[in-house]
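Chains, contacts and geometry: an overview
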Amino acid sequence: MALVGFRNTHNHTIYINPAQVLYVSTFEEDVTVIAYAVTDASGKPVVSYVRGSADMVQHKLSGGATAAAARQAG
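What counts, and where the lines are drawn
Residues numbered from 1 in each chain as written. Predicted model: local features only at pLDDT ≥ 70, side-chain atom pairs only at ≥ 80, totals over all residues. Heavy atoms only, no water. Buried < 20%, exposed > 50% of the residue type's maximum accessible area, 1.4 Å probe, protein only. Helix = DSSP H or I, 4+ residues; strand = E, 2+ residues; numbered from the N terminus. Arc of directions from axis to C-beta. Contact = heavy atoms within 4.5 Å. Core = buried A, V, L, I, M, F, W, Y, C linked by side-chain atoms within 4.5 Å. Phe/Tyr/Trp six-rings, centres within 6.5 Å; stacked < 30°, edge-to-face > 60°. Lys NZ or Arg CZ within 6 Å of the ring centre and 35° of its normal. pLDDT = per-residue confidence, 0-100. Pairing = 2+ DSSP bridges.

Turning to helix 1 (residues 54–61), a few remarks are in order. An α-helical turn contains 3.6 residues, so any two residues separated by three or four positions project in the same direction. Listed in full, the buried residues belonging to helix 1 are Ala54, Val57 and Leu61. The buried residues of helix 1 occupy an angular sector of 65° when the element is viewed end-on, so they sit on one face. Looking at the buried residues of helix 1, the elements they touch are strand 1 (4–7), strand 2 (13–16), strand 3 (21–28), strand 4 (31–39) and strand 5 (45–51). Once helix 1 finishes, glycine 63 follows within two positions and takes phi at roughly 95°, a positive value.

Below you can see the structure in the form of structure tokens.
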């Protein structure tokens, strides 16, 4: 599966491998936390905070955005 691009809360583009995502959850309005199946030194999951709702992030990670973009291009 291809990497999926998001804007983090510092407005930088980050790319996420959906196969490494442990969970997606709402942090605050229009900010979602993505936890990875990788831990830091204390044993907690490594996380990223990205712009957008949890539903939108989950949809994009599942490939929904890619399919929609392909339909528009085709």
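Moving on from the coordinates now.
In this section: the nonpolar core. If you look at the biggest cluster of nonpolar residues, it comprises 9 residues: Val4, Phe6, Ile14, Ile16, Ile34, Tyr36, Val50, Val57 and Leu61. Sorting the residues of this core by element identifies strand 1, strand 2, strand 4 and helix 1 as the ones contributing at least two each.

Taken as a whole and assessed by the stated rule, the structure comprises 1 aromatic pair. Between phenylalanine 27 and tyrosine 49, the aromatic rings sit 4.8 Å apart at their centres with planes inclined by 70°, giving edge-to-face as the arrangement. Taken together, the residues phenylalanine 27 in strand 3 and tyrosine 49 in strand 5 connect sequence positions 22 residues apart. The lysine or arginine in question, lysine 60, covers the ring of phenylalanine 6, its NZ or CZ lying 4.7 Å from the ring centre.

The next subject is the confidence of the model for the protein chain. Model confidence for the protein chain is summarised by a mean pLDDT of 89, while 85% of its residues fall at 70 or above. Taken element by element, the protein chain is modelled with least confidence in helix 2 (residues 64–73), mean pLDDT 50, and with most confidence in strand 2, mean pLDDT 98.

A few words on the pairing of strand 1. Where burial is concerned, the two faces of strand 1 differ: the one with Val4 and Phe6 is buried and the one with Gly5 and Arg7 is not. Relative to strand 2, strand 1 runs antiparallel, the two sharing 4 bridges. Within strand 2, the residue paired with valine 4 across the bridge is isoleucine 16. Between the antiparallel neighbours strand 1 and strand 2 lie 5 residues, among them asparagine 11 with a positive phi of about 65°.

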